[in-house]
Amino acid sequence: MRAHEAGALHGDIGNRGPGWLRTPTDVNALVPALWPRHVARGPAGALTVAGLDVRDLAAEFGTAAYVLDEDDLRERCREFRAAFPDADVYYAGKAFLCRAVVRMIAEEGMFLDVCTGGELATALSAGMDPARIGFHGNNKSVAELTRAVDAGVGRIIVDSSTEIDRLTALARERGVRPRVLLRVTVGVEAHTHEFIATAHEDQKFGFSLAGGDAAAAAFRILDEDVLELRGLHSHIGSQIFDASGFEVSARRVLALQAQIRDARGVELPELDLGGGFGIAYTTQDDPASPHDLAKRLRKIVDGECAAENLAVPHLSVEPGRAVVGPAVFTLYEVGTVKCVALGDAAGGRAYVSVDGGMSDNIRTALYDASYSATVANRASAATPMLARVVGKHCESGDIVVKDEFLPADVQPGDLVAVPGTGAYCRSMASNYNHVPRPPVIAVRDGQARVIVRRETEDDLLALDVE
């Protein structure tokens, strides 16, 4: 369902909550699938992460704040690498990138995918081996391509004929032979929100398979023999739980692989199936494990290669959200609580306003995304009540959590934690209403450190020239 243009609030007036949301028997209970692995409730009822009490984190670092369970992130990196031992696993940096995270994923043996000059600069600044970087993007500038080539980036995923022109000219000028993959638009629309489905034909990414543009681009690169065409790339969307989309995508991409072989006598050695693997934001989500994903994807690729009489190419995948998303929660402080009558027998809903909002999590307003939440500083014996966690911005659609049961005694000064905020929240954060962006606090082995500092009002004013 698309969000109402005036905000999510206007899109569901009178809604008493989604059908999947059930009144909890224990309002303090945590659903393990939604939280970082080292989060629990301590003896006093407050949340702890890697042994640290969130009340202490709030006192030291303030709220709102993103809290990263570093060992959780590292464990997920290891699980993906173990699940895909014969493949290259690229962390999709667009989910969340800073120098500390670059170093974490590098230490865990991951490759890194970037899609802008800024992301590439962050990766290089953090010491990432350029040969382990892939460079995406539908509109890479000449300056960005020059930097990537000069740095020795391991592969560039070409996205348009203009980019082939630019990169070919640059390669001739530099006397180098960049490795490239061709991004193919395969006409598969994954089971996801319209705005984040990226493989159907009517969109900006890649070369159309159905229109013949992908084959023509591949033939051009091979015939000109300036760029080294390593393989094909397909990405079918985000927050995907159903493997059927990957099956159709692989079939179509490998059919193009066979067409290239038949026309030019070349079997491309690599295949990238992209990412988009889903995570659990609420109890309605049931994501597959990395092991299960790998098993299903390998079976799909092996079967399609056998059908086309192709050698199985070296596989790549690009998890981003599935690595960092579950490893982070956002910690807020409640400012006001307002009960609103719904005008029917259901009673009312509590609007719990926190010291953040759409500036630190735009996904609810942008994608109609759902999140969970809990009171984090204490346990409560109060009955559950239907609540909506909202922000401090001047928008009725400034909603962080549309529907959740919180204890009826939630009050100003309480801490509220929202899990699953590691992906796309800090990356898409803004300064709307001139609200400084929150810090990112990494916690590990009972120690906390700032890996992205909190913005200040001085930061907000620093770009003003008068």
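See the structure shown above.
Residues numbered from 1 in each chain as written. Predicted model: local features only at pLDDT ≥ 70, side-chain atom pairs only at ≥ 80, totals over all residues. Heavy atoms only, no water.

Draft legend 1. The overall build of the protein, seen in detail. Of regular secondary structure, the protein possesses 13 helices and 21 strands. Computed over the C-alpha atoms, the radius of gyration of the protein is 23 Å, within 12% of the 23 Å expected from 2.2 N^0.38 for a compact globule of 466 residues. Principal axes of the C-alpha set define a box for the protein whose edges measure 70 × 50 × 45 Å. Within the protein, contacts between residues at least 6 apart in sequence are counted, and of these 71% link residues at least 24 apart. Charge centroids of the protein, computed over 48 positive and 65 negative side chains, lie 2 Å from each other. (Helix = DSSP H or I, 4+ residues; strand = E, 2+ residues; numbered from the N terminus. Rg over C-alpha atoms; globule rule 2.2 N^0.38 Å. Contact = heavy atoms within 4.5 Å. Lys, Arg positive; Asp, Glu negative; His and termini not counted. Charge placed at Lys NZ, Arg CZ, Asp CG, Glu CD.)

Draft legend 2. Region of interest: the packing of aromatic side chains. By the definition in use, this model includes six aromatic pairs. Note on Tyr281 and Tyr371: the rings are 5.1 Å apart at their centroids and 70 degrees apart in plane angle, and the pair reads as edge-to-face. Highlighted residues: Tyr281 in the loop between β12 (270-275) and α10 (290-308) and Tyr371 in the loop between α12 (363-367) and β16 (374-375), separated in sequence by 90 residues. Ring-pair connections join several aromatic residues into one group, and the members of that group are Phe80, Phe84, Phe246 and Phe277. Arg132 extends its terminal NZ or CZ atom over the ring of Phe111, reaching a point 3.9 Å from the ring centre. Its end group placed over the ring of Phe219, Arg264 keeps NZ or CZ at 4.3 Å from the ring centre. (Phe/Tyr/Trp six-rings, centres within 6.5 Å; stacked < 30°, edge-to-face > 60°. Lys NZ or Arg CZ within 6 Å of the ring centre and 35° of its normal.)

Draft legend 3. Representation of the sheet that holds strand β3 (residues 52-53). Sheet architecture is open: three strands sit in the order β1-β2-β3, paired in antiparallel fashion. Here the strands that pair on one side only, and so sit at the sheet edges, are β1 (39-41) and β3. Alignment of β1 against strand β2 (residues 47-49), held across three bridges, turns out to be antiparallel. From the neighbouring strand, Ala40 faces β2, where its bridge partner is Thr48. (Pairing = 2+ DSSP bridges.)

Draft legend 4. The environment of Arg449, seen in detail. Along the polypeptide, Arg449 turns up in strand β21 (residues 447-452). Distance in space between the C-alpha atoms of Arg449 and Asp360 is 20 Å, their sequence separation being 89 residues. Beyond its immediate stretch of four places on either side in the chain, Arg449 contacts Glu70, Ala100, Met104, Val440, Ile441 and Ala442. A distance of 2.7 Å separates a polar atom in the side chain of Arg449 from a polar atom in the side chain of Glu70. (Polar contact = N/O pair within 3.5 Å; in protein donor to acceptor, adjacent residues only side chain to side chain.)

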